[in-house]
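# Analysis of the macromolecular model
Below, each chain spelled out in residue letters.
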Amino acid sequence: MVKRAEPGHELTTLVAGDLSITVDSFGAQLMSMMFAGGEYLWQRDPRFWGKSAPTLFPNIGVVRDDRVETAQGTAHLRQHGVARWLEHALVERTATRATYLLESSEETLRDFPFHFALETSYTIVPPATVVHTFRVVNTGAVDLPFNIGSHPAYNLPMPGAEGERFEDYEVRFTRPWSPVVPVVLDDTKLMDYSRAYRPFSASDRLALDHSLFDHDNLMFEHVPGSTIELVGTKSGRGLRFDFADFPYLAIWSPAGEAPFLSVEPWTGHATAIHEDDVFEHKAGTIILRPGQADVRSFAVTVLETGAAGDGCQNIPLNNV
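My aim in this report is to walk through the structure given alongside it, one point at a time. Everything numeric in this text was worked out from a predicted model, so none of it was measured.

So, about the packing of aromatic side chains. Evaluated as defined, the whole model comprises 20 aromatic pairs. Among the aromatic residues, those joined into a cluster by ring pairs are Phe-57, Phe-112, Phe-114, Phe-116, Phe-146 and Phe-279.

Rendered as structure tokens:
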């Protein structure tokens, strides 16, 4: 399998007004998201989780026994894929955008037998939005199967609300609904839809509690409006997430008392126990023909205190 390369740690910082971000070339991973001097992004404390916002490609979650069959033969894929373990080249930088490129290589082809180019871009949209964009190009001569997603985590409590606890936050949806989520098996991390359950019913709010994540993540499908807000009920501090290009959204925090929540837009998910081991058959798998490109974006916006739930402006993701 692709080895965990030594991080290059070429850091790039973009600033626009009160908003700044820092990105590491290793994994093209967002390392900081600050607004008005406060840090919103989780800062990689290894006691809980040593990452902050990995890019997930070409698979999301685990595949059974770390291997899948493809039209090009067996692929050996560890959890969340290869992109997060490799150095990405900074290919474009402007005042408000940084774009990174990862291309298939002899190293990636040994485990994932497909040619690709993955561009990961971060764009600041003043006053308070960061847009994450993924562009995947099939640079080979055969169809390319893949999934794409992100795994950013955010500090709880949020800046300016240091007196709040994890349990003082809630996820807010655009309307009441009754989602059904699969169980993530403790031993294999595969998904079991036969034991799916409702974490809440007929509500537009989910109050956070660490016990929600006793069995890993909660994965929602087709979230109403493809929008959520993560808000402190006492402070009103919050973040808004817009992810229309991603049919799945997972939220996760490690078992215990980890002071963060990960909010993860995905195009697919870990192998479900009822699925076979053919990559092209997996739920959500995207198939790109030779020469085709797939572009997807999601946005994270810092909400002004008291602005949560007031219909804040949608970001035109296709124009950034």
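The antiparallel open sheet is built from four strands, whose spatial order is E1-E2-E3-E4. Each edge of the sheet is formed by a strand with only one pairing partner; in this case those strands are strand E1 (11–16) and strand E4 (38–39). Where strand E3 (residues 29–35) and E4 come together, two bridges link them in antiparallel fashion. Within the sheet, the bridge partner assigned to Phe-35 lies in E4 and is Gly-38.

Take the sheet that holds strand E21 (residues 238–242) next. Across the sheet, nine strands lie side by side as E8-E9-E10-E11-E25-E21-E20-E15-E18; this open sheet has antiparallel pairing. Each end of this open sheet is capped by a strand with a single partner; those strands are strand E8 (89–93) and strand E18 (203–207). For this sheet, the mean inter-axis angle between neighbouring strands, taken without regard to orientation, is 20°.

Turning to the pairing of strand E11 (residues 129–138), a few remarks are in order. Look at any regular strand and the pattern is simple: side chains alternate between the two faces of the sheet. Within E11, nine of the ten residues are buried, which leaves it mostly tucked inside the rest of the structure. Where strand E10 (residues 116–125) meets E11, ten bridges bridge the pair, whose relative direction is antiparallel. What sits directly across from Phe-116, in E11, is Asn-138. Pairing analysis gives nine bridges linking E11 to strand E25 (residues 293–303), with the strands arranged antiparallel. When the bridges of E25 are listed, Phe-134 appears paired with Arg-296.

A few words on the environment of Pro-54. Note on placement: Pro-54 falls in the loop between E4 and strand E5 (55–56). For Pro-54, a relative accessible area of 4% translates into the label buried. Placed 23 residues apart in sequence, Pro-54 and Met-31 show a C-alpha to C-alpha distance of 9.5 Å. The residues touching Pro-54, leaving out its near neighbours within four places in the chain, are Gln-29, Trp-49, Arg-84, Gly-149, Ser-150 and His-151.

Rules and cut-offs
Residues numbered from 1 in each chain as written. Predicted model: local features only at pLDDT ≥ 70, side-chain atom pairs only at ≥ 80, totals over all residues. Heavy atoms only, no water. Phe/Tyr/Trp six-rings, centres within 6.5 Å; stacked < 30°, edge-to-face > 60°. Pairing = 2+ DSSP bridges. Helix = DSSP H or I, 4+ residues; strand = E, 2+ residues; numbered from the N terminus. Axes fitted to C-alpha atoms, helices over the stretch in contact; angles between N-to-C directions. Buried < 20%, exposed > 50% of the residue type's maximum accessible area, 1.4 Å probe, protein only. Contact = heavy atoms within 4.5 Å.

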